[in-house]
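Here is what each chain is made of, one letter per residue.
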Amino acid sequence: MNIIEHSDEEITAFAHPMWSDLIKHSNEGDYGKFTRKFSYNLVFGLNEVEVGHQFVKSELTRNLSEDWDFLGIIRRGEHVTVLYRVRSTAKAGEWLGRMVLGYEEGEVRIFGASIF
């Protein structure tokens with residue numbers, strides 16, 4: 001099945017827990033748990049040294065508020081992009097969170113995740 005065929009309700013039912021896990025594991029600096037739902041190609045393409053450095057040094061990625069707002073879903077090709085408003089517990093302001101989801105070997109996986 002192509003993920004874009006799911007309803008918004010179906011997508012958010014698996015996207016929101018995945019997003020919450022990303023926030024939690026980013027705050028904890030737990031790289032293994034942070035990447036466990038990533039697609040094979042995403043994990044393979046990551047620069048683990050750079051990601052590890054981000055976990056240690058980034059004030060933003062280690063202090064994300066677990067209070068986020070869902071903004072919407074964008075469908076394209078075989079992926080959906082789920083958008084969130086994110087706040088920090090250490091920095092004033094708001095950021096845009098983005099998580100790209102699709103199917104890999106019959107499971108919903110993360111094909112991209114970032115905060116702008």
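Residues numbered from 1 in each chain as written. Predicted model: local features only at pLDDT ≥ 70, side-chain atom pairs only at ≥ 80, totals over all residues. Heavy atoms only, no water.

Asks: When you look at the pattern of salt bridges in this model, what are you seeing that I'm missing?
Replies: Two side chains with opposite charge may pair up if their charged atoms get near one another. With the rule as written, the count across this model stands at seven salt bridges. Of the charged contacts, one joins D69 and R87 as a salt bridge, the two residues approaching to 2.5 Å between their closest N and O atoms. Residue D69 is located in strand β1 (residues 69–76), and its partner R87 is located in strand β2 (residues 79–87); the two are separated by 18 residues in the primary sequence. What makes R87 partly exposed here is its relative accessible area of 23%. Salt-bridge contacts for R85 lead to E94; the nearest nitrogen and oxygen are separated by 3.5 Å. You can call R85 partly exposed: its relative accessible area is 29%. The network of salt bridges with common partners includes D69, R85, R87 and E94. (Salt bridge = Lys/Arg side-chain N within 4 Å of Asp/Glu carboxyl O. Helix = DSSP H or I, 4+ residues; strand = E, 2+ residues; numbered from the N terminus. Buried < 20%, exposed > 50% of the residue type's maximum accessible area, 1.4 Å probe, protein only.)

Asks: Even after reading the chapter, I still don't get the nonpolar core, so can you show me in this structure?
Replies: Here is a general trend for soluble globular proteins: nonpolar side chains tend to be buried in one another's company. Ranked by size, the top nonpolar core spans 23 residues in total, and within it W19, Y84, M99, L101 and I110 carry the most contacts. Elements with a minimum of two residues in this core: α1 (8–28), β2, β3 (94–104) and β4 (107–115). Residue contributions to this core peak at six residues, all from α1. (Core = buried A, V, L, I, M, F, W, Y, C linked by side-chain atoms within 4.5 Å.)

Asks: What am I meant to see in the environment of E59 here?
Replies: Note on placement: E59 falls in the loop between α4 (48–57) and β1. The partly exposed category is assigned to E59, whose relative accessible area is 40%. Counting along the chain gives 32 residues from E59 to N27, while the straight-line C-alpha distance between them is 9.5 Å. With near-sequence residues (within four places) excluded, E59 lies in contact with A90 and K91. (Contact = heavy atoms within 4.5 Å.)

Asks: So what exactly am I meant to see when it comes to the pairing of β4 here?
Replies: The side chains of a regular strand alternate between both faces of the sheet. Pairing geometry for β3 and β4, over eight bridges, is antiparallel. Bridge pairing links E104 to E107 in β4. Linkage of β3 to β4, two consecutive antiparallel strands, is achieved through a turn of two residues, within which E105 is found at a positive phi near 50°. (Pairing = 2+ DSSP bridges.)

Asks: Looking at this model, I keep getting lost on the packing of aromatic side chains. Mind explaining?
Replies: Throughout the structure, instances matching the rule amount to four aromatic pairs. Summarising the aromatic geometry, the rings of F34 and F38 are spaced 5.4 Å apart at their centres and angled 65° between planes, so their arrangement reads as edge-to-face. Every member of this aromatic cluster is reached through a ring pair, and the members are W19, W68, F70 and Y84. (Phe/Tyr/Trp six-rings, centres within 6.5 Å; stacked < 30°, edge-to-face > 60°.)

Without other data, these values stay purely geometric and don't point to any function.
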